[in-house]
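Okay, here's what each chain looks like letter by letter:
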Amino acid sequence: MSRIVYLNGTYLPEAEASVSVFDRGFLMADGVYEVVSVLDGKLIDFEGHMVRLKRSLSELQIANPLSDDEYLEAHRALLEKNGIGDGLVYLQVTRGNPGDRDFAYPAADVTPTVVMFTQSKPGLADNPAAKTGWRVIGVEDLRWGRRDIKTVQLLYPSMAKMEAKARGVDDAWMVEDGRVTEGTSNNAYIVKGGTIVTRELSNDILHGITRAAVLRFAAEAQMKVEERSFTIAEAQEADEAFVTSASAFVMPVVEIDGAKIGSGAPGPVAARLREIYIEESRKLGV
Ligand code: PMP
């Protein structure tokens, strides 16, 4: 069965959906995106992703083309049309097609392009990697300075992911001024003496929707949280490490730059947070 995708209000087989060569998303990476996970046909943290989408659009002065209800309706329609139980919905909004290439933003009558598609991931919550954990390397963070905006400008994280693959590990933690910013597509955490440590929010990192939920659940479970940056050396000395994202949920990290974290196996705090996050998300999904 061919995948059905959403393009500017229409549902089409993927092979029939096309966007102009002049679209600014294509020419300038002038667009933003969101990824919402799906468990048992329910959208996880949907509202949080919509809040961040609107903030990203507003920071770039791109008019938001749809209402939250319209985004929700399109997400649900795509799940239904593609028979998705577990998986992801990808949503991208670009500044649209001004009909030519120019650095200046086009006039306001150019309508944004909206694309959505599903990715089927049966058993998404039972990812076997969560039992063994990820191994990561540190790489210099060479991205631009507005990482709080979720743009489609993903070439550097993609290069860092390839560096990790080339070195036989799962992901890279990016480092700026000697301190970890985040993973290539996730927020980074360590646990030391029972305290969860993760970098504070600023323009240096993406404000993860999973991060917000996990920190809320951690506080509710009386776990201690410190929002501050840390070094690779501090992470290597930690009891545990993990990352969070909409697609990986809470994923333990067991090795950094060849050094085992704690026992070298996923730790109890990461395992507990993963369990709580998945359980609560299933209840709160829409
Ligand atoms: N940081 C970066 C750089 C990311 O790309 C992502 C995933 N989009 C995250 C953090 C995690 O964000 P979220 O929990 O909203 O998926």
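Residues numbered from 1 in each chain as written. Predicted model: local features only at pLDDT ≥ 70, side-chain atom pairs only at ≥ 80, totals over all residues. Heavy atoms only, no water.

A. Structural context of the packing of helix α6 (residues 209-220) against helix α8 (residues 268-284). At a minimum axis distance of 10 Å, the contact between α6 and α8 shows a crossing angle of 105°. Accordingly, the angle class assigned to the pair α6 and α8 is roughly perpendicular. Contacts from T210, A213, V214, R216, F217 and A218 of α6 reach α8 at L273, I276, Y277, E280 and L284. Residues belonging to the contact of α6 with α8 are distributed by class as follows: 8 nonpolar, 1 polar and 2 charged. (Axes fitted to C-alpha atoms, helices over the stretch in contact; angles between N-to-C directions. Helix = DSSP H or I, 4+ residues; strand = E, 2+ residues; numbered from the N terminus. Parallel < 35°, antiparallel > 145°, perpendicular 65-115°, else oblique. Contact = heavy atoms within 4.5 Å. Nonpolar A, V, L, I, M, F, W, Y, C, P; charged D, E, K, R; others polar.)

B. Representation of the domain arrangement of the chain in the model. As far as domains go, the chain holds domain 1 (4-124) and domain 2 (129-284). Distance from the C-alpha centre of domain 1 to the C-alpha centre of domain 2: 26 Å. Listed by partner, the interface residues are 22 residues for domain 1 and 22 residues for domain 2. When the buried area of domain 1 at its contact with domain 2 is split by residue, Y33, L39 and R52 rank highest and sum to 29% of it. (Domains from an automatic or database assignment. Buried area = accessible area lost by both parts, 1.4 Å probe.)

C. Representation of the site of the ligand in the model. In the vicinity of the ligand, 18 residues are found, and the nearest of them are R52, K150, E182, I209 and T210. With respect to the ligand, the side chain of E182 contributes an N or O atom lying 2.6 Å from a nitrogen atom. Alone, the ligand offers 390 Å² of accessible surface; in the complex the protein occludes 92% of this. Residue assignment for the shell around the ligand shows that the elements contributing at least two residues are α2 (46-59), β9 (179-183), α6 and β13 (240-245). The class makeup of the residues in the shell around the ligand is 4 nonpolar, 10 polar and 4 charged. (Near = heavy atom within 4 Å. Polar contact = N/O pair within 3.5 Å; in protein donor to acceptor, adjacent residues only side chain to side chain. Areas by Shrake-Rupley, 256 points an atom, 1.4 Å probe, with all protein chains shown as cover.)

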